[in-house]
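# A look at the structure
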Amino acid sequence: MRKRQQSQNEGTSAMSQAPGNQRPNNTCCFCWCCCCSCSWSSDFKPPNHHHHHPSILASKVLITFRNEDRGDNAGRPTHTTKMESIQAVEECQNPTPDEIMSWSQNFDKMMKTPAGRNLFREFLRTEYSEENLLFWLACEDLKKEQNKKVVEEKARLIYEDYISILSPKEVSLDSRVREVINRNLLDPNPHMYEDAQLQIYTLMHRDSFPRFLNSQIYKSLIESTAGSSTSES
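Figured I'd write up the structure that's included with this text. (Residues numbered from 1 in each chain as written. Predicted model: local features only at pLDDT ≥ 70, side-chain atom pairs only at ≥ 80, totals over all residues. Heavy atoms only, no water.)

## Some remarks on the overall build of the protein chain
The condition that has to hold: Only DSSP runs of H or I with at least four residues qualify as helices, and only runs of E with at least two residues qualify as strands; both kinds are numbered from the N terminus onward. Only protein chains enter the area calculation, which uses a 1.4 Å probe; residues under 20% of their type maximum are buried, those over 50% are exposed, and those in between are partly exposed. Contact definition: two residues touch when any of their heavy atoms are within 4.5 Å. For the accessible areas, the method is Shrake-Rupley and the probe is 1.4 Å, while residue cover comes only from the protein chains on display.
The number of helices and strands found in the protein chain is 11 helices and zero strands. For the protein chain, the α and β elements follow one another from N to C terminus as α-α-α-α-α-α-α-α-α-α-α. Taking all 233 residues of the protein chain together, 38% fall into the buried category. Relative to all contacts within the protein chain whose residues are 6 or more apart in sequence, the contacts with residues 24 or more apart total 68%. Within the structure as shown, the protein chain displays about 14600 Å² of accessible surface, and the carbon and sulfur contribution to it stands at 51%.

Listed below in structure tokens is the structure:
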């Protein structure tokens, strides 16, 4: 009986050590459930400055910093908001070199272009303050809505995602603005978050934007654009 149990244990041990049951050394603990962070990889090579359109250069810069950010924050938990499906990366027209350069002089101009917002959003992600731009975008989306039921639903989701103190993506608002929001919740309307939106917009302009201009994300795009313009001329 003891010999039979011993042989069974040896067989089980051998199976656990078989190559087919070993986890690959280069996978993270989530790869076995097919997580998107492990399945999506893109290697970025510096542009060779031969007729690259600014939109291609911008996308390469974004891919580079997304991958670097993914590596730096491998152990950091992520929080998905209910409204994020609305604020997916925006489709945008190709920015011209002059337009990209103009962003450094005018925050309002950058925020009016989807390409500028996408690049700024990547920077905010590195500072863990992406929720500020997501909140601003959600408010812009709410302003366009006319259906009362949809307005009520979107207003509630915005509150749960960005205003509630229980939300991991709560934005920083003063008590006066919060009181206005709480009153507006009794009868939601498309412009109920305007005061809060202006406060966050001002925060991004004064606090985040100067650092964005000095960031490697923006500098890399400027350098790539300058090199592309030189080669084309």
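So much for the structure itself; the text now carries on.
## Some words on the packing of aromatic side chains
What characterises a pair of aromatic rings is the spacing of the ring centres plus the angle enclosed by the ring planes. Put simply, the rule is: Working definition: a ring pair exists when centres of Phe, Tyr or Trp rings (six-membered ring for Trp) sit within 6.5 Å. Plane angles under 30 degrees give stacked, over 60 give edge-to-face, the rest tilted.
In total, this model carries 11 aromatic pairs according to the counting rule given. Here Phe 120 and Phe 212 contribute two aromatic rings whose centre-to-centre distance is 5.3 Å and whose plane-to-plane angle is 85°, an arrangement assigned as edge-to-face. Of this pair, Phe 120 sits in helix α6 (residues 114–126) while Phe 212 sits in helix α10 (residues 194–213), placing them 92 residues apart in sequence. The burial state of Phe 120 is the same as that of Phe 212; both residues are buried. Ring-pair connections join several aromatic residues into one group, and the members of that group are Phe 107, Phe 120, Phe 123, Trp 136, Tyr 201, Phe 209, Phe 212 and Tyr 218.

## Focus: the pattern of salt bridges
To keep things clear, this is the line we draw: Salt bridge, as used here: a side-chain nitrogen of Lys or Arg that lies within 4 Å of a carboxyl oxygen of Asp or Glu.
Summed over all chains, the structure comprises 14 salt bridges. Across the salt bridge formed by Lys 148 and Asp 187, the nearest N and O atoms sit 3.4 Å from each other. Here the residue Lys 148 occupies a position in helix α8 (residues 148–163), and Asp 187 occupies one in the loop between α9 (175–184) and α10, the gap between them amounting to 39 residues. For Lys 148, a relative accessible area of 47% corresponds to the partly exposed category. With a shortest N-O distance of 2.5 Å, Arg 178 and Glu 170 are connected by a salt bridge. Here the salt bridges do not stand alone but share partners, grouping Arg 121, Glu 122, Arg 125 and Glu 130 into one network.

## A word on the nonpolar core
Heads up, the condition is: Side-chain atoms within 4.5 Å link the members of a nonpolar core, which is a set of buried Ala, Val, Leu, Ile, Met, Phe, Trp, Tyr and Cys residues.
Judged by nonpolar contacts, the single largest core of 39 residues is most densely connected at Met 111, Phe 120, Phe 135, Tyr 193 and Met 204. Take this core: its biggest share by element is eight residues, from helix α7 (residues 130–143). Setting aside residues no more than four positions away along its own chain, Met 111 makes contact with Arg 117, Phe 120, Leu 133, Trp 136, Tyr 201 and Met 204.

## So, the environment of Pro 114
Structurally, Pro 114 is set in helix α6. Taking C-alpha positions, Pro 114 is 9.7 Å from Asn 94, a pair spaced 20 residues apart along the chain.

## Description of the packing of α6 against α7
Short version of the rule: A fitted line through C-alpha atoms represents every axis, and for helices the fit uses only the stretch in contact; the resulting angles, taken between N-to-C directions, go from 0 to 180 degrees.
Packing of α6 against α7 leaves a shortest axis separation of 7 Å and a crossing angle of 145°. Residues Arg 117, Phe 120, Arg 121, Leu 124 and Arg 125 of α6 form the contact with α7, whose own contacting residues are Glu 130, Leu 133, Leu 134, Trp 136 and Leu 137.

## Focus on the packing of α7 against α10
What counts is decided by this rule: Left-handed describes a crossing in which the near helix is turned anticlockwise from the far one by less than a right angle; the clockwise case is right-handed.
Their axes nearest at 10 Å, the elements α7 and α10 cross at an angle of 145°. Considering how the two elements wind past one another, α7 and α10 form a crossing that is left-handed. Within the contact between the two elements, α7 uses Asn 132, Leu 133, Phe 135, Trp 136, Cys 139, Glu 140 and Lys 143 and α10 uses Glu 194, Ala 196, Gln 197, Ile 200, Tyr 201, Leu 203 and Met 204.

## Digging into α10
Under the convention used in this document: A helix is expected to span 1.5 Å for every residue after the first. The reported bend at a residue is simply the angle between two axes, fitted to the 7 residues ending at it and to the 7 residues beginning with it.
Here α10 contains 20 residues, and its C-alpha end-to-end distance of 26 Å stays within 8% of the 28 Å for a straight helix at 1.5 Å per residue. At Asp 207, α10 is deflected by roughly 35°, the largest bend along its length, and proline Pro 210 occurs up to four residues later in sequence. For α10, the complete set of buried residues consists of Ala 196, Gln 197, Ile 200, Tyr 201, Met 204, Ser 208, Phe 209 and Phe 212.

## Quick look at α8
Counted only if it meets this: Polar contacts, as counted here, are pairs of nitrogen or oxygen atoms within 3.5 Å of one another; within protein the pair requires one atom able to donate a hydrogen and one able to accept it, and residues that are adjacent in sequence qualify only if both atoms are side-chain atoms.
Three or more residues of α8 are buried, namely Val 151, Lys 154, Ala 155, Leu 157, Ile 158, Asp 161, Tyr 162 and Ile 163. Those residues of α8 hidden inside the fold are in contact with α7 and α9. For α8, the N-terminal cap is Asn 147; the gap from its side-chain oxygen to the backbone nitrogen of Lys 149 is 3.0 Å.

No statement about biological role is implied by the geometric values presented.
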